[in-house]
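Here's the letter readout for the chains.
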Amino acid sequence: MPWLRRHVIHLALFVVGLVGYGSLAGSRLWHQSSDPHFMYQADAWLHGRATISPPPARGDDWAKVETVTLRDGREVRGRRLKSRPVFRTTRGDEVAIADITASKGPTFYVSFPPLPSVVMLPGAAMGGRAGNDVLPTVLCAALILPLFFATLRRMAAAGQSTRTPHDDVWLTLALAFGTVLFFASVQGRVWFTAHVIGVLLATAYAWASVDARRPIVAGVFLGLAAITRTPMAFMFPLFILEATRRAGGLAALRADRPGFLRAVRGPLLAFAAPVVVIAIAAAAYNLVRFDAPTEFGHSYLDVRQQAQIETYGLFSYQYFARNLAVAFTLLPEFPAHGKWLQISGHGLALWITTPALLLLLWPRQRPPLHRALWLTVALVAIPTFFYQNSGWVQFGYRFSLDYTVFLVLLLAVGGRPLGWFARGLIIVGIVVNLFGAWSFARHPAYYRVGGNAYGTVVAH
């Protein structure tokens, strides 16, 4: 009973998440989604394979590696380029198409980091390839609420936040239902499942990083987040700056205060150890599949913008202006005919889906955690602004979920009172995202996916 009294809010928030997400998932909750890549991968592992065999019958964004025989008798793996008549091997060599004498056809792989497939293992053990990937996604989403509330209370206990438990409930609801996490949590489907699990792991990492109290736990969750959503590898500043602050801060380092290095060395080594172990395991897995330790498979996506990727790469300044526009300027449209409202396939701007984030422009307090959180947001966000994909097709800028946890934590430490205006912004965000969770992938008339006005990227 004492444990129950201490955690009654946590349990209530979990139930709220489960009911809220489950209700909006609706009939999806009992069926496999249209893009169950992680379930396919989990089933392949249970059969001792990294490859998806037989080939997937449906879904987008599979990695496809072709095996061919050359004139000199060598057998190599790789892909045919679309921009020129060349076959590029998995080891980076380029061979003229004319030198290919035979092809064994493609081998399919999941082109996403593997941690979400681990979550799908129980479902794959029970249902094989046909296992349900929506229900585990909803369960993971519901767990975010109590864990985020616990993180906010830990910040308050550490003196980094002046929020009351009542305030922290509001901020938890803002994250859960007032951001694009809401629409992502009710889909299943490979892209959205990865985001949901990434948010859960980022929250656990933030919980462990406050005051640098749990270095090993923080390292584990950082490593797991990185093999869920690759940009999350850049979440490391939060723990490092918290560990530095606890040891006396940069002032102690500049003053060469005795014991500073000793005080900071232990937590940082404990933090780094699981990150290194997870990174080695992920690199070995990539090496087995693609002969490259850093290749998760996106270079082998069989998508229409492959020529663009070959020309500019997966990351390029070429994509920067488009991604900034998608993140910060896209508004809903009100056409003269058809549905009263339409949303671009690129989604809505961040300040439309989560207007409470505007409060970050005027913080009332700036505790040490304030700088650490902003640096973490910046390092995680920057790679996605240079990425070849905007997140298409989406309700709102889904790549922001890689750092949304830290943005809402910034609302907590900023100290601006959650009065009627702030709560009004949170409620508006919840209403907006309720529409997204209800309409996305159910009512296509509300979405404009033709006439792509922001570049040629038209796939997930």
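Refer to the preceding data block for the structure.
Below: a short report on this structure. (Residues numbered from 1 in each chain as written. Predicted model: local features only at pLDDT ≥ 70, side-chain atom pairs only at ≥ 80, totals over all residues. Heavy atoms only, no water.)

## As for the overall build of the chain
Link 1 in the chain: Summing up its helical and strand segments, the chain has 19 helices and seven strands in all.
Link 2 in the chain: Its C-alpha radius of gyration of 23 Å places the chain within 12% of the 23 Å reference for a compact globule of 460 residues.
Link 3 in the chain: C-alpha atoms of the chain, sized along the principal axes, occupy 70 × 65 × 45 Å.
Link 4 in the chain: Looking at the chain residue by residue over its 460 residues, the buried ones come to 55%.
Link 5 in the chain: A separation threshold of at least 6 residues defines the contact pool for the chain, and within that pool the share at least 24 residues apart is 75%.
Link 6 in the chain: Here the chain holds 42 positive side-chain charges and 22 negative ones, and the gap between their average locations is 10 Å. (Helix = DSSP H or I, 4+ residues; strand = E, 2+ residues; numbered from the N terminus. Rg over C-alpha atoms; globule rule 2.2 N^0.38 Å. Buried < 20%, exposed > 50% of the residue type's maximum accessible area, 1.4 Å probe, protein only. Contact = heavy atoms within 4.5 Å. Lys, Arg positive; Asp, Glu negative; His and termini not counted. Charge placed at Lys NZ, Arg CZ, Asp CG, Glu CD.)

## Considerations on the nonpolar core
Link 1 in the chain: Membership of the largest hydrophobic core comes to 117 residues, with the highest contact counts inside it found for Tyr21, Tyr205, Met235, Tyr403, Phe406 and Leu409.
Link 2 in the chain: Sorting elements by how many residues they give to this core places helix H9 (residues 190-209) first, with 13 residues.
Link 3 in the chain: In this view, Tyr403 contacts Leu350, Val377, Val380, Ala381, Phe385 and Tyr397; residues no more than four positions away in its chain are not counted.
Link 4 in the chain: Core analysis: the second largest hydrophobic core is formed by six residues, Val68, Leu70, Val95 and Ile100 among them. (Core = buried A, V, L, I, M, F, W, Y, C linked by side-chain atoms within 4.5 Å.)

## Some words on helix H18 (residues 404-414)
Link 1 in the chain: Summarising burial for H18: eleven of the eleven residues are buried, a large majority.
Link 2 in the chain: Regarding H18, the residues found buried are Thr404, Val405, Phe406, Leu407, Val408, Leu409, Leu410, Leu411, Ala412, Val413 and Gly414.
Link 3 in the chain: Structurally, H18 contributes buried residues whose contacts are with helix H6 (134-157), helix H7 (165-177), H9, helix H11 (237-246) and helix H17 (368-385).
Link 4 in the chain: Gly415 occupies a position one or two residues after H18 and carries a positive phi of about 75°.

## Considerations on the packing of H6 against H9
Link 1 in the chain: Following both chains from N to C, one finds H6 and H9 inclined at 20°, their axes separated by 9 Å at the closest point. The angle between H6 and H9 falls in the class roughly parallel. The two elements H6 and H9 cross, and the hand of that crossing is left-handed. Two secondary-structure elements touch here, H6 through Thr137, Cys140, Ala141, Leu143, Ile144, Leu147, Phe148, Ala150, Thr151 and Arg154 and H9 through Thr193, Val196, Ile197, Val199, Leu200, Thr203, Ala204, Ala206, Trp207 and Ala208.
Link 2 in the chain: Among the residues making up the contact of H6 with H9, the classes are represented as 15 nonpolar, four polar and one charged. (Axes fitted to C-alpha atoms, helices over the stretch in contact; angles between N-to-C directions. Parallel < 35°, antiparallel > 145°, perpendicular 65-115°, else oblique. Left-handed = near helix turned anticlockwise from the far one by under 90°. Nonpolar A, V, L, I, M, F, W, Y, C, P; charged D, E, K, R; others polar.)

## Here's the deal with the packing of aromatic side chains
Link 1 in the chain: This structure, assessed with the given rule, holds 30 aromatic pairs.
Link 2 in the chain: Judged by centre distance (5.5 Å) and plane angle (70°), the ring pair of Phe183 and Phe192 falls under edge-to-face.
Link 3 in the chain: Chaining the aromatic ring pairs together yields one cluster made of Phe183, Trp191, Phe192, Phe395, Phe435, Trp438, Phe440, Tyr446 and Tyr447.
Link 4 in the chain: Lying over the aromatic face of Tyr300, Arg79 brings its terminal NZ or CZ to 6.0 Å of the ring centre. (Phe/Tyr/Trp six-rings, centres within 6.5 Å; stacked < 30°, edge-to-face > 60°. Lys NZ or Arg CZ within 6 Å of the ring centre and 35° of its normal.)

## Description of the environment of Arg129
Link 1 in the chain: Along the chain, Arg129 turns up in the loop between helix H5 (121-127) and H6.
Link 2 in the chain: On the basis of relative accessible area, Arg129 is assigned to the partly exposed category, the value being 21%.
Link 3 in the chain: For the pair Arg129 and Ala42, spaced 87 residues apart in the sequence, the C-alpha separation amounts to 8.2 Å.
Link 4 in the chain: Residues contacting Arg129, with those up to four places away along its chain left out, are Gln32, Met39, Tyr40, Asp43, Ile52, Ser53, Pro54 and Pro55.

## A closer look at the environment of Trp438
Link 1 in the chain: Within the element layout of this structure, Trp438 appears in helix H19 (residues 420-439).
Link 2 in the chain: For Trp438, a relative accessible area of 36% corresponds to the partly exposed category.

## What about the sheet that holds strand E5 (residues 100-110)?
Link 1 in the chain: Strand order in the open sheet made by the five strands is E4-E3-E2-E1-E5, with antiparallel pairing throughout. Looking along the sheet, the strands with just one partner apiece sit at the ends: strand E4 (94-96) and E5. Direction aside, neighbouring strands of the sheet carry axes that sit 40° apart on average.
Link 2 in the chain: Relative to E5, helix H13 (residues 260-290) is tilted by about 150°, and along the sheet it contacts strand E1 (62-70), strand E2 (75-80) and E5. (Pairing = 2+ DSSP bridges.)

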